[in-house]
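Spelled out, the chains give:
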Amino acid sequence: MNNAELYQKSNNLQKRDALECLQEYARKIKWKKDVSVIDIGCGDGSVTTAITKKFLPNCKEIVGCDISKQMIQFANDKFSSETTSFMVLDIEGDLPEQMRAEFHHAFSFYTLHWVKQQEHAFKNIYDLLQDGGNCFLIFLGHMPLFDVFRILARSNRWSLWLRDVDKFVSPYHDSQDPDKEIKRMMCKIGFTNVEVQYKPKSFIYNSLEAVKKAVKAVNPFEIPDELHDELLEDYIGIVRDMQLIDIDNNNVEQVVVRTNYNLIIAYGEK
């Protein structure tokens, strides 16, 4: 997950969902001029930049943060400006004092499903906000990617490399009512006007190569480079077994991979 160039080229699903969900919630978020914004889990910085151009062209400051030093270095090299900067921050860790109550808006797109200490991370998000500020968070609930990783982890071939598989499965992948669970947690922390949606989504990959690149871009496991291609081939094999692949009868080379998943969309105010 530290290959910023690959992630930038293979995160179409993440970009699409972030922009679509923001468009839906634009009125509720109440955009203002001269605001301070933090993007938690900014990755390569491309989504952060796209959001500010579309929704916050006149913001005073936007800070992108990520746990990956490689991602932050890439983002600063590629996208930093007078108003935009990027820094290393672990949202599960301790917040720097100077960042508390600093931001009008906190965003997080496709990050919080990697976090195991959910309540601590949400409390940190609350503490980043100024009074009257709000957060807008989207992250994965149920996602076939996690099922495929679990199947691979049970195989003799990959059990050693994927032995910590459940560390990298969304805490809400197996949850029956994740929206209610998250709303209770946010209200307990102190958020008000909380809204949580559990929304079915789908995405189409038009080639197996596109699927491989997307999976490789978010693969959280430390696997030797020489084994990556083999892992991805076995991944595709399981996707076939799950009947997620359609082949055009008139063109065997035209392959479509359907990904049906559930997205969690959470909004709250301080």
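Because the structure is a prediction, the values reported are computed rather than measured. (Residues numbered from 1 in each chain as written. Predicted model: local features only at pLDDT ≥ 70, side-chain atom pairs only at ≥ 80, totals over all residues. Heavy atoms only, no water.)

Here we look at the side chain of His 113
Looking at where His 113 falls in the secondary structure, it is placed in the loop between strand E4 (103-109) and helix H5 (118-128). Of the polar contacts made by the side chain of His 113, one reaches the side chain of Trp 114; its length is 3.3 Å. With sequence-adjacent residues up to four places away left out, His 113 is seen in contact with Phe 139, Leu 140, Phe 146, Val 169, Ser 170 and Pro 171. (Helix = DSSP H or I, 4+ residues; strand = E, 2+ residues; numbered from the N terminus. Polar contact = N/O pair within 3.5 Å; in protein donor to acceptor, adjacent residues only side chain to side chain. Contact = heavy atoms within 4.5 Å.)

Considering the pairing of strand E5 (residues 129-140)
A large share of E5 lies buried, amounting to nine of its twelve residues. Sheet topology note: the E4/E5 ladder contains six bridges and is parallel. Following the sheet pairing, Phe 109 is matched in E5 by Ile 138. A crossover links E4 with its parallel partner E5, the connecting element being H5, and its sense is right-handed. (Buried < 20%, exposed > 50% of the residue type's maximum accessible area, 1.4 Å probe, protein only. Pairing = 2+ DSSP bridges. Right-handed = clockwise from strand over helix to strand, strands pointing away.)

Structural notes on unusual backbone geometry
A positive phi angle, near 60°, is found at Tyr 110, a position not held by glycine. Here Tyr 110 lies in the loop between E4 and H5. Notably, Gln 243 is not glycine yet its phi reads approximately 60°, a positive angle. Position of Gln 243 among the secondary structure elements: in the loop between helix H9 (228-241) and strand E7 (245-248).

Here's the deal with the UniProt feature "domain: Methyltransferase" (unreviewed entry) in the chain
Per the UniProt entry, the sites bearing "domain: Methyltransferase" (unreviewed entry) are residues 37-133 in this numbering. Its end C-alpha atoms 10 Å apart, residues 37-133 is made of 33% helix and 28% strand. (UniProt positions renumbered as here; feature names shortened; annotations may be inferred.)

Describing the packing of aromatic side chains
Tallied over the entire structure, the rule returns twelve aromatic pairs. Seen from their ring centres, Tyr 126 and Phe 191 are 5.0 Å apart, and the 85° between their planes marks the pair as edge-to-face. Here Tyr 126 is found in helix H5, whereas its partner Phe 191 is found in the loop between helix H7 (178-189) and strand E6 (192-205), with 65 residues between them in sequence. Taking the relative accessible area as the measure of exposure, Tyr 126 reaches 17% and is therefore buried. Ring centres of Phe 203 and Tyr 205 lie 4.9 Å apart, and the angle between their planes is 65°; on these two criteria the pair is classed as edge-to-face. Overall, Tyr 205 belongs to the buried group, its relative accessible area being 15%. Three or more aromatic residues joined by ring pairs make a cluster, and in this case those are Tyr 25, Phe 107, Phe 109, Phe 136 and Tyr 267. Seen from the ring of Tyr 126, Lys 270 lies directly overhead, with NZ or CZ sitting 4.8 Å from the centre. (Phe/Tyr/Trp six-rings, centres within 6.5 Å; stacked < 30°, edge-to-face > 60°. Lys NZ or Arg CZ within 6 Å of the ring centre and 35° of its normal.)

Concerning the pattern of salt bridges
Here the structure, examined in full by the defined rule, presents 14 salt bridges. Residue Glu 20 is joined to Lys 201 by a salt bridge in which the shortest nitrogen-to-oxygen separation is 3.0 Å. Of the two residues, Glu 20 sits in helix H2 (residues 12-29) while Lys 201 sits in strand E6, which places them 181 residues apart along the sequence. Look at Glu 20 and you get partly exposed, because its relative accessible area is 40%. For Arg 157, the salt bridge identified is with Asp 234, shortest N-O distance 3.1 Å. Remark: Asp 234 occurs in helix H9 and Arg 157 occurs in the loop between helix H6 (144-153) and H7; sequence separation between them is 77 residues. When its relative accessible area of 27% is taken as the criterion, Asp 234 is described as partly exposed. (Salt bridge = Lys/Arg side-chain N within 4 Å of Asp/Glu carboxyl O.)

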